[in-house]
Amino acid sequence: NCGGSELDIAAHLEKLERMDIALNYATLIGENSIRSKVMGSADRAPTAEELASMKKFVGEGMKAGAVGMSNGLKYRPAVFAETDEVIELAKVAAQYGGFYATHMRSEGEAVVESVREAIEIGEKAGIPVQISHLKVLSVERWGDSIEMLRLIDEARTRGVDVKADQYPYTASSTGLTVLFPPWALEGDWKGKVNDPALRRKIKDGIIHAMVHERAGDDLNRIRIARYPEDTSLEGKGLREILIEKGIEPTNENAAELIIELSLKGNVSSIYNAISEDDIARIMRHPAVMHGSDGHITETDVGVPHPRCYGTFPRVLGVYVREKGIVTL
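These numbers come from a predicted model, not from an experiment.

Overview of the overall build of the chain
Along its length, the chain carries twelve helices and nine strands. Judged by the C-alpha coordinates and their principal axes, the chain covers about 60 × 50 × 40 Å. Counting every position in the chain, which comprises 328 residues, the buried fraction comes to 50%. Across the chain, contacts joining residues at least 24 apart in sequence account for 74% of those joining residues at least 6 apart. Distance between charge centres in the chain, computed from 40 positive and 50 negative side chains, equals 0 Å.

Focus: empty space enclosed by the protein
Scanning all chains against the criterion turns up one cavity of 30 Å³ or more. Volume-wise, the largest cavity comes out at about 40 Å³. Broken down by element, the lining of the largest cavity gets its largest block of residues, three residues, from helix α11 (residues 276-284). Here the residues of the lining of the largest cavity sort into seven nonpolar, one polar and two charged.

A look at the packing of helix α4 (residues 83-95) against helix α5 (residues 111-125)
Contact pair α4 / α5: the axes reach a minimum separation of 8 Å and the direction vectors enclose 50°. Accordingly, the angle class assigned to the pair α4 and α5 is oblique. Relative to α5, α4 is oriented so that their crossing is right-handed. Contacts between α4 and α5 involve Thr83, Val86, Ile87, Ala90, Lys91 and Ala94 on the former and, on the latter, Glu117, Glu120, Ile121, Lys124 and Ala125. In terms of residue class, the contact of α4 with α5 is made up of six nonpolar, one polar and four charged.

Observations concerning the side chain of serine 172
Locating serine 172 in the fold gives a position in strand β6 (residues 172-175). Setting aside anything within four residues of it in sequence, one finds serine 172 in contact with Lys135, Leu137, Tyr167, Arg214, Ser269, Ile270, Tyr271, Ile274, His305 and Arg307.

Section: the layout of surface pockets
If you add up the space inside the second largest pocket, you get close to 150 Å³. The wall of the second largest pocket is formed by Tyr227, Asp230, Leu233, Leu242, Lys245, Ile247, Asn253, Glu256, Leu257, Glu260, Leu261 and Lys264. Among the elements that make up the lining of the second largest pocket, the one with the highest residue count is helix α10 (residues 251-264) (six residues). Of the residues in the lining of the second largest pocket, the class split is six nonpolar, one polar and five charged.

Brief notes about helix α8 (residues 196-214)
Here α8 is 19 residues long and its end C-alpha atoms lie 25 Å apart, about the 27 Å a rise of 1.5 Å per residue gives. Every buried residue belonging to α8 is among Arg199, Ile202, Lys203, Ile206, Ile207, Ala209, Met210, Glu213 and Arg214, and all of these are buried.

Regarding the pattern of salt bridges
Applying the stated criterion across every chain, the model contains 28 salt bridges. In this structure, the salt-bridge partner of aspartate 204 is arginine 200, at a minimum N-O distance of 2.8 Å. Placement of both aspartate 204 and arginine 200 in helix α8 is noted, with a separation of four residues, approximately one turn of the helix. As a salt-bridge pair, arginine 307 and aspartate 293 come within 3.0 Å of each other at their nearest N and O atoms. Of the two residues, arginine 307 is situated in helix α12 (residues 307-322) and aspartate 293 in the loop between β9 (288-290) and α12; the sequence distance between them amounts to 14 residues. Among the ionic contacts, a cluster of salt bridges with common partners joins Arg199, Arg200, Lys203, Asp204, Glu252, Glu256 and Glu260.

Describing the environment of serine 5
One can find serine 5 in the segment before α1 (9-19). Taking the C-alpha atoms as reference points, serine 5 and isoleucine 34, separated by 29 residues in sequence, lie 8.5 Å from one another. Residues in contact with serine 5, not counting those within four places in the same chain, are Leu28, Ile29, Gly30 and Ser33. Among the polar contacts listed, one links the side chain of serine 5 to the backbone nitrogen of glycine 30, at a separation of 2.8 Å.

Here's the deal with the pairing of strand β5 (residues 162-166)
With respect to burial, β5 is a largely interior element, four of its five residues being buried. With helix α6 (residues 145-157) bridging strand β4 (residues 129-131) and the parallel β5, this β-α-β connection has right-handed handedness. Relative to β9, β5 is paired through three bridges, and the arrangement is parallel. Bridge assignment links aspartate 165 to a residue of β9, and that residue is methionine 289.

Details of the sheet that holds strand β7 (residues 222-226)
In space, the three strands of this open sheet follow the order β6-β8-β7, with antiparallel pairing throughout. Among the strands making up the open sheet, the edge pair consists of β6 and β7. Neighbour-to-neighbour, the strand axes of the sheet open up by a mean angle of 35°, direction not taken into account. Here β7 runs beside strand β8 (residues 268-271); their pairing, made up of four bridges, is antiparallel. Looking across to β8, one finds that isoleucine 222 is bridged to tyrosine 271.

Things to note about the packing of aromatic side chains
Evaluation of the coordinates by the stated rule reveals one aromatic pair. Consider the rings of phenylalanine 180 and tryptophan 189, whose centres lie 5.2 Å apart with planes at 75°: the pair is edge-to-face. Above the ring of tyrosine 271, the side-chain terminus of arginine 214 is found at 4.7 Å from the ring centroid. Positioned over the ring face of tyrosine 167 is arginine 307, at 4.9 Å from the centre of the ring.

What counts as what
- Residues numbered from 1 in each chain as written.
- Predicted model: local features only at pLDDT ≥ 70, side-chain atom pairs only at ≥ 80, totals over all residues.
- Heavy atoms only, no water.
- Helix = DSSP H or I, 4+ residues; strand = E, 2+ residues; numbered from the N terminus.
- Buried < 20%, exposed > 50% of the residue type's maximum accessible area, 1.4 Å probe, protein only.
- Contact = heavy atoms within 4.5 Å.
- Lys, Arg positive; Asp, Glu negative; His and termini not counted.
- Charge placed at Lys NZ, Arg CZ, Asp CG, Glu CD.
- 1 Å grid on protein atoms, 1.4 Å probe; cavity = no way out; pocket = protein on both sides within 12 Å on 5 of 7 lines; lining within 4 Å.
- Points joined across faces, edges and corners; volume = space filled by probe spheres on them.
- Nonpolar A, V, L, I, M, F, W, Y, C, P; charged D, E, K, R; others polar.
- Axes fitted to C-alpha atoms, helices over the stretch in contact; angles between N-to-C directions.
- Parallel < 35°, antiparallel > 145°, perpendicular 65-115°, else oblique.
- Left-handed = near helix turned anticlockwise from the far one by under 90°.
- Expected span 1.5 Å × (residues − 1).
- Salt bridge = Lys/Arg side-chain N within 4 Å of Asp/Glu carboxyl O.
- Polar contact = N/O pair within 3.5 Å; in protein donor to acceptor, adjacent residues only side chain to side chain.
- Right-handed = clockwise from strand over helix to strand, strands pointing away.
- Pairing = 2+ DSSP bridges.
- Phe/Tyr/Trp six-rings, centres within 6.5 Å; stacked < 30°, edge-to-face > 60°.
- Lys NZ or Arg CZ within 6 Å of the ring centre and 35° of its normal.

If you want it as structure tokens, here you go:
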């Protein structure tokens, strides 16, 4: 649901048919994968030829059996896509009866504006909208779910088909580079952090993201879920790691740690920055359904987010039986 997919949907589905899998399975065609193929990680609008190529990928994917188009506007390279570009691609998916699924541009500081953008894309492209894992991921923005749900209701009243899914946890999970400012991720980001002036700007961006989007005043809100390069760090918070290394647990030092870990390998992290009140408010909404936003995990590998295996038991156990937020 965040923009990544196979580009040859037909071959992908044929492979799964041959495997005779036991699960019901559907796939979206991912804008991030398409943009990466056509434009790399370029931070610019596509040329007319590039846009036509991307639209062709969407159309071919839909004809081959994709149920819609997804993107992750927080992740490169779709983070560099303007709203109009997304609308043009979504129009193609709409022609085949598909829907538009989006990991919005912001789930923290600009989460309300991002809901508006998702609705605008659906309205102008004439396509149903599925907001992936709706949440408020910023301690400073807790309570914004009131306005977000009002916007969804308002859009639905005027005929825009907007829905959302949600997982029942106060923590999210994604890569550590989500803390980097988007401009830093264009092209060779590892080369940029070796430039002292750019490294300073990148660190400032990371600190801003930590304080205002993910961690607030507690560095342990950010925890390492998977880091093959040093598994001893898995399950530990940034503050905890810095103290163990004998480093003062400041935002500045945490930003430096994030850069160093990311340079050595891919880091999956957990961010504890969601409020129970927002979870309950979103869960009660009739246009919201439960969804894990998870992936298949191996036992005893890393410290994965429990949504990967516990989402639906948690809905029933905690939010139906214990808290009565929704009924069975």
